[in-house]
Number of protein chains: 2
Amino acid sequence: MKRVKLTVAYDGTNYCGWQVQPNGITVQEVLNRHLSELTGEEIETIGASRTDAGVHALGNVAVFDTRVRMPGEKFSFALNQRLPEDIRIQESKEVPQDFHPRYVKSEKIYEYQILNRRFPIPTERFYSHFTYVPLDVEKMREAGTYLLGEHDFKSFCGAGAQVKTTVRCIHELNIEKSGDKITIRVRGNGFLYNMVRILAGTLMEVGSRAYPPEKIKEILEAKDRKAAGPTAPARGLTLVKIEYPEELG
Amino acid sequence: MKRVKLTVAYDGTNYCGWQVQPNGITVQEVLNRHLSELTGEEIETIGASRTDAGVHALGNVAVFDTRVRMPGEKFSFALNQRLPEDIRIQESKEVPQDFHPRYVKSEKIYEYQILNRRFPIPTERFYSHFTYVPLDVEKMREAGTYLLGEHDFKSFCGAGAQVKTTVRCIHELNIEKSGDKITIRVRGNGFLYNMVRILAGTLMEVGSRAYPPEKIKEILEAKDRKAAGPTAPARGLTLVKIEYPEELG
């Protein structure tokens, strides 16, 4: 028996998110099915991040256990021949049997893409959130500084989340503008339900000058979802990478 | 009566190209239909570039004549409310009645996107051509120098084209690499049928070292389509911009 770690990229547009659920097709379900067909075993993957419907990934992580003698690194090739075009394994490798992608400490990097111009660009429509309201990136950056570090992010947690604590630590929050594309990049030790999308929606309120940058302090202190801005649409969000300690990664 | 110029962006994935044809839905057909509904007239647009099935545009150009009293610049807003998400007018403006988007001299800019890495990225699949064969960008740039300027591009002209001359002038040919994305950007006074895709396919043969860069000279001299490399897939190609003289642009 060995445990194999997969780095999974997907276009979330046509999926009801990562996690298996009764209401529609999910990335995990498709992955489980093709892994089961490939191995002849009944495979259930364990995923690192349960991304929402419409959210994309360049590097979500999943593990599974198998008795198949294929070397860990060959699973990427074998799976990619079977998977639909909107899911592609980027890497596969054997990891220690006790490696659990959610319980092992990790850093996650997310990017939220905003297209800020007069009219939408059709080829960007599934991978960015469009707004014609001019956004002041400097003000968004100033607001971002209040979010850095360890905070209780309860105000940035979507309803329905069941967690012991809403304290999280954001290690990096960069906002880059290139032409009419704005990218919010966040790196942290974990994110609450809808947290990155609520961060993005709130930073956009600052960018449009609906909120002054300092309002972020108040929002954090309120510990109330209603204090923050709207949840930005899923299509703009991509899980870029999950970093584990070197011996596992 | 006035003539209105439209700058049209589209995702070509789901269209049989620009030009109206019997075999499937085209961008021009959708545009004509919505313009006719909007104006109550029977509108037939004249397009600048008849892009192929699957080719994208950020700035194709079309004109139409109308008696409707709406100011030229308002058509963009009115059309965008009616058009499907994969077509968006970027600008509309009144132009002189005799402005013809194909007969007035122009410069066209195309970009061909290549994703060059071990495995495909699902979110890029409709907008770039994937190859895992490592491409040597320096060699591609060297090959590109032979294509600059005025040449008979007969070897780079797809079958079925009816043109008086296959002489064209390439004013700019840049090949940029950013991470695992390679972008071939060409600017010229006109391009033959499939020319940019054959250029891209041929430059990729140089990048993979199937052809030495100097072979481009031979290919040009052969004046034979069979001398050049394959036609690269449509999905990687985008018509970026068409530049007209200032008084029209």
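Every value quoted in this text rests on a predicted model; they were computed, and no experiment measured them. Each residue is numbered by its place in its chain's sequence as written, counting from 1. Here chains are named by letter from A upward and ligands by number from 1 upward, in the order in which they appear as written. In keeping with the predicted nature of the model, local features appear solely for residues at pLDDT of at least 70, side-chain atom pairs appear and are counted solely at 80 or more, and the whole-chain, interface and lining totals rest on all residues. Side-chain measures here rest on the full set of heavy atoms in the structure, leaving out hydrogens and waters.

Some details on the overall build of chain A
Note the threshold: For the purposes of this entry, the term helix denotes a DSSP run of H or I that reaches at least four residues, the term strand denotes a run of E that reaches at least two, and both are numbered from the N terminus. The size measure is the radius of gyration over C-alpha atoms, and the globule rule it meets is 2.2 Å times the number of residues to the 0.38 power. Any residue under 20% of the maximum accessible area for its type is buried, any over 50% is exposed, and the rest in between are partly exposed; the area is computed with a 1.4 Å probe on protein chains only. For accessible areas, the Shrake-Rupley method is used with a probe of radius 1.4 Å. Any residue's cover is judged against the shown protein chains and nothing else. Only four residue types enter the charge count, namely Lys and Arg as positive and Asp and Glu as negative; His and the chain termini do not. We put the charge of a Lys on NZ, of an Arg on CZ, of an Asp on CG and of a Glu on CD.
Looking only at helices and strands, chain A has 5 helices and 10 strands in total. For 249 residues, the compact-globule formula gives about 18 Å, and the C-alpha radius of gyration of chain A, at 19 Å, lands near that figure. Projected onto its principal axes, the C-alpha positions of chain A cover 60 × 40 × 35 Å. In chain A, which comprises 249 residues, the share counted as buried stands at 54%. Summing over all exposed atoms, chain A offers an accessible surface of approximately 11,500 Å²; the carbon and sulfur share of this is 47%. With 35 positive and 33 negative side-chain charges, chain A shows a separation of 2 Å between the mean positions of the two kinds.

Considering the interface of chain A and chain B
Formally: The contact criterion used is simple: two residues touch if any of their non-hydrogen atoms lie within 4.5 Å. Two parts placed together each lose some accessible area under a 1.4 Å probe, and the buried area is that loss summed for both. The term salt bridge refers to a side-chain nitrogen of Lys or Arg lying within 4 Å of a carboxyl oxygen of Asp or Glu. In the analysis that follows, any N or O atom pair within 3.5 Å is treated as a polar contact, provided that within protein one partner can donate a hydrogen and the other can accept it, and provided that, for residues neighboring in sequence, both atoms belong to side chains.
Each partner contributes to the interface: chain A provides 25 residues, whereas chain B provides 25 residues. For the pair chain A and chain B, the summed buried area comes to about 2,100 Å², and 58% of that belongs to carbon and sulfur atoms. Here chain A is connected to chain B by 6 salt bridges. When the shortest N-O distance is used, the salt bridge between Asp11(A) and Arg125(B) registers 2.8 Å. Inspection of the chain A/chain B interface yields 6 residue pairs in polar contact (both at pLDDT 80 or more). Counting residues per element, the ones that place at least two in the side of chain A that touches chain B are strand E1 (2–10), strand E3 (56–66), helix H2 (75–80) and strand E4 (87–95) of chain A.

Description of the packing of helix H3 (residues 137–145) of chain B against helix H4 (residues 195–207) of chain B
Residues and elements named next belong to chain B. For clarity, the threshold we go by: In this analysis an axis means a line fitted to C-alpha atoms, helices contributing only their contacting stretch, and an angle means the value between N-to-C directions, from 0 to 180 degrees. Oblique is the label for every angle not falling under 35 degrees (roughly parallel), over 145 degrees (roughly antiparallel), or within 65 to 115 degrees (roughly perpendicular). Should the near helix be turned anticlockwise from the far one by less than a right angle, the crossing is left-handed, and should it be turned clockwise, the crossing is right-handed. Polar here means any residue outside two lists: the nonpolar Ala, Val, Leu, Ile, Met, Phe, Trp, Tyr, Cys and Pro, and the charged Asp, Glu, Lys and Arg; Gly therefore counts as polar.
Contact pair H3 / H4: the axes reach a minimum separation of 8 Å and the direction vectors enclose 130°. It follows that H3 is oblique to H4 by the angle criterion. Read as a crossing pair, H3 and H4 show a hand that is right-handed. Of the residues in H4, those touching H3 at Lys-139, Met-140, Ala-143 and Gly-144 are Leu-203, Met-204, Val-206 and Gly-207. Among the residues making up the contact of H3 with H4, the classes are represented as 5 nonpolar, 2 polar and 1 charged.

Overview of the UniProt feature "domain: Pseudouridine synthase I TruA alpha/beta" (unreviewed entry) in chain A
Residues and elements named next belong to chain A. Applicable threshold: UniProt positions are given in the numbering used here, feature names are shortened, and annotations may be inferred rather than shown by experiment.
The UniProt record marks residues 8–103 and 146–245 with the feature "domain: Pseudouridine synthase I TruA alpha/beta" (unreviewed entry), using the residue numbering of this structure. Across residues 8–103, the secondary structure splits into 20% helix and 26% strand, with the terminal C-alpha atoms separated by 18 Å. Within the segment residues 146–245, helix and strand shares are 21% and 31% respectively, and the terminal C-alpha atoms sit 28 Å apart.

Observations concerning the side chain of Arg3(A)
Residues and elements named next belong to chain A. Mapping Arg-3 onto the fold places it in strand E1. A residue is classified by how much of its surface remains accessible, and Arg-3, at 10% relative accessible area, is buried. A distance of 2.7 Å separates the side chain of Arg-3 from the backbone oxygen of Phe-99, its partner in a polar contact. Discounting chain neighbours no more than four positions away, the residues touching Arg-3 are Ile-46, Val-63, Phe-64, Asp-65, Lys-93, Glu-94, Val-95, Pro-96, Gln-97, Asp-98, Phe-99 and His-100.

A word on the side chain of Thr45(A)
All names here are of chain A. Considering the arrangement of structural elements, one finds Thr-45 in the loop between helix H1 (27–39) and strand E2 (46–47). One polar contact links Thr-45 to Asn-32, side chain to side chain, over a distance of 2.7 Å. Setting aside chain neighbours within four positions, we find Thr-45 in contact with Trp-18, Gln-28, Leu-31, Asn-32, Leu-35, Ala-62, Val-63 and Phe-64.

Some points on the UniProt feature "binding site: substrate" (unreviewed entry) in chain A
Residue and element names in this part refer to chain A. Residues given the UniProt feature "binding site: substrate" (unreviewed entry) here are Tyr-110. Within the secondary structure, Tyr-110 sits in strand E5 (residues 107–116). Those residues in contact with Tyr-110, other than ones at most four positions away along the chain, are Ser-49, Ile-184, Arg-185, Val-186, Phe-191, Val-196, Leu-237, Thr-238, Leu-239 and Val-240. A distance of 2.9 Å separates a polar atom in the side chain of Tyr-110 from a polar atom in the side chain of Ser-49.

A few points about the relation of the copies chain A and chain B
The operation relating the pair of chain copies consists of a rotation about an axis and a translation along that axis. What counts, and what does not: Superposing copies: least-squares fit, C-alpha atoms only, residues required to have pLDDT of at least 70 in both.
Its rotation angle being 180°, the transformation that places chain A on chain B also includes 0.0 Å of axial translation and leaves an RMSD of 0.0 Å. Both copies are brought into coincidence by an operation consistent with a two-fold rotation axis. Of the interface residues in chain A, 100% have counterparts in chain B that sit at the interface too, so the contact is made through matching surfaces.

A closer look at H1(A)
Along an α-helix, residues three or four positions apart point the same way, because every turn accommodates 3.6 residues. Residue and element names in this part refer to chain A. Quick reminder of the rule: By this rule, a helix spans an expected 1.5 Å times one less than how many residues it contains.
With 13 residues, H1 should cover 18 Å at 1.5 Å per step; its first-to-last C-alpha distance of 18 Å lies within 8% of that length. The set of residues buried in H1 consists of Val-27, Gln-28, Val-30, Leu-31, Asn-32, His-34, Leu-35, Ser-36 and Thr-39. Next to the buried residues of H1 lie E1, E2, E3, H2 and E4. Positive backbone phi, at 75°, marks Gly-40, one or two positions downstream of H1.

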